[in-house]
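A structural walkthrough
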Amino acid sequence: MIEKGGFFLNFFHIFIELLIGFIALLLLTKILGKTEITQITTFDFVSVLVLGELVGNALYDDKIGIPEILSAVGIWGFLIYLTEFFTQKFRASRAILEGKPSIIIDKGKIDYNEIKKNHLDLNQLQHLLRAKDIFSFSECYYAILETDGTISAMKKQMFSTPTKQDLNLPLQNTSLPISVIMDGEIIQENLSLIQYDEDTLSKELKRLGISSYKEILYAEWQENMPLYIQKY
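Residues numbered from 1 in each chain as written. Predicted model: local features only at pLDDT ≥ 70, side-chain atom pairs only at ≥ 80, totals over all residues. Heavy atoms only, no water.

With respect to the overall build of the chain
Our working rule: Numbering goes from the N terminus for both helices and strands, where a helix is a DSSP run of H or I of at least four residues and a strand is a run of E of at least two. Relative accessible area decides the class of each residue, using a 1.4 Å probe on protein chains only: under 20% of the type maximum gives buried, over 50% gives exposed, and in between gives partly exposed. Here a residue-residue contact requires only that any non-hydrogen atoms of the pair lie within 4.5 Å. Accessible surface area values rest on a Shrake-Rupley calculation with a 1.4 Å probe, where residue burial reflects the displayed protein chains alone.
Counting its secondary structure elements, the chain contains nine helices and eight strands. For the chain, the residues scored as buried account for 24% of the 232 residues in total. When contacts within the chain are restricted to residue pairs at least 6 apart in sequence, long-range pairs at least 24 apart make up 48% of them. When the accessible surface of the chain is summed, it comes to about 17,300 Å², and 60% of that surface belongs to carbon and sulfur atoms.

As structure tokens, then:
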């Protein structure tokens, strides 16, 4: 019975520490902003690993409790926030703390020195270019290695896709597609964006021969376009 009690006590202790660590990390990511994920740099990636390691190690160390976990998350979070603050306020600090983009293909020529400096080989460069729909170095005019490790590329004019303006075709206004039904449920907040209500949507569905929105896996509205519907 003592062993059982000890097991449940340890389980409860780990559960509480995990819960507190989870909430602390969730709050920290909200404070630091979305750029930690969407525009992650090498430094940000290392920061996330260290932060996870701090919380992970604390769970299995009997000498470390909830105050130590919160302190570790708080201090590391403050250091990351301070770094973000400096990069936003002082332009000169960005090159040091975040790095800077590198032009690795300049006017159709591969810059070997830049590739070497960024520890990139030609196979890796080919892989990055293929992700941009460029399958030959001869098609690329400019390629820039961004601070997050992705590549921005510009094709040579002879390989670039012609635009409507190039073909003298009439231009049309575009609108953002808005999801109105997903997994058989109406997305109420999106209905107000398109000035719809449930009655209007139901009438539109009945006109299309659909008796209930619960039959629909996904429905999307777009201005001047018929309602796009995918049933289960």
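Points about the pairing of strand β1 (residues 102-106)
Consecutive residues of a regular strand have side chains that alternate between opposite faces of the sheet. To keep things clear, this is the line we draw: Strands are treated as partners if at least two bridges between them are detected by DSSP.
Sheet topology note: the β1/strand β3 (residues 140-145) ladder contains four bridges and is antiparallel. Residue pairing across strands places Asp106 opposite Tyr142, the latter belonging to β3. The sheet contact formed by β1 and strand β2 (residues 109-110) spans two bridges and is antiparallel. If you follow Ile105 over to β2, its bridge partner there is Ile110. Count of turn residues in the β1/β2 antiparallel hairpin: two residues, of which Lys107 carries a positive phi of about 55°.

A few points about the sheet that holds β2
Worth spelling out the cut-off: Axis definition: a line fitted to C-alpha atoms, over the contacting stretch in the case of helices. Angles run 0 to 180 degrees between N-to-C directions.
Reading across the sheet, the four strands line up as β2-β1-β3-β4 and stay open at both edges, with antiparallel pairing between neighbours. Pairing within the sheet leaves two strands with one partner each, and these edge strands are β2 and β4 (151-155). Of the strand pairs in this sheet, β3 and β4 are connected by five bridges, and their pairing is antiparallel. In the sheet register, Cys140 faces β4, and the bridge partner there is Lys155. Together, β1, β2, β3 and β4 form the strand contacts of helix α7 (residues 122-130), whose direction differs from that of β4 by roughly 70°.

Quick look at the nonpolar core
Stated precisely, the cut-off is as follows: We call a set of buried residues a nonpolar core when its members are Ala, Val, Leu, Ile, Met, Phe, Trp, Tyr or Cys and they connect through side-chain atoms within 4.5 Å of each other.
Ranked by size, the top nonpolar core spans 13 residues in total, and within it Val180, Ile181, Leu201 and Leu205 carry the most contacts. Listing elements by their share of this core, those giving two or more residues are β5 (178-182), α9 (198-207) and β7 (216-221). Filtering out sequence-adjacent residues up to four positions away, Val180 remains in contact with Glu185, Ile186, Ile187, Leu191, Ile194, Leu201, Ala219, Glu220, Trp221 and Leu227. Counting residues in hydrophobic clusters, the runner-up holds twelve residues, among them Ile104, Leu120, Leu125 and Leu128.

Quick word on the pattern of salt bridges
Heads up, the condition is: Salt bridge, as applied in this entry: a Lys or Arg side-chain nitrogen positioned within 4 Å of an Asp or Glu carboxyl oxygen.
Under the definition given, this model contains four salt bridges. Residue Lys231 is joined to Glu215 by a salt bridge in which the shortest nitrogen-to-oxygen separation is 3.6 Å. Here Glu215 lies in the loop between α9 and β7 and Lys231 lies in strand β8 (residues 228-231), a separation of 16 residues in the sequence. Judged by relative accessible area, which is 40%, Lys231 ranks as partly exposed.

A closer look at the packing of aromatic side chains
Definition in use: Any Phe, Tyr or Trp ring, taking Trp's six-membered ring, that has another such ring centre within 6.5 Å forms a pair; planes under 30 degrees apart are called stacked, those over 60 apart edge-to-face, and the others tilted.
Following the criterion strictly, the structure yields two aromatic pairs and no others. Between Tyr141 and Tyr142, the ring centres sit 5.0 Å apart and the planes meet at 80°, which makes this aromatic pair edge-to-face. Tyr141 gets classed as partly exposed once you look at its relative accessible area, which sits at 32%.

Side note on the sheet that holds β8
Either a parallel or an antiparallel arrangement is found when strands of a sheet pair, and the pairing is made through backbone hydrogen bonds. The strand order across the open sheet built from four strands is β6-β5-β7-β8, with neighbouring strands paired in antiparallel fashion. The sheet terminates laterally at β6 (185-186) and β8, the two strands that pair on one side only. Two elements, β7 and β8, share four bridges in a ladder whose sense is antiparallel. Residue pairing for β8: Tyr218 is matched across the bridge by Gln230. Its contacts with the sheet put α9 on β5, β6, β7 and β8, and the angle it makes with β5 is roughly 80°.

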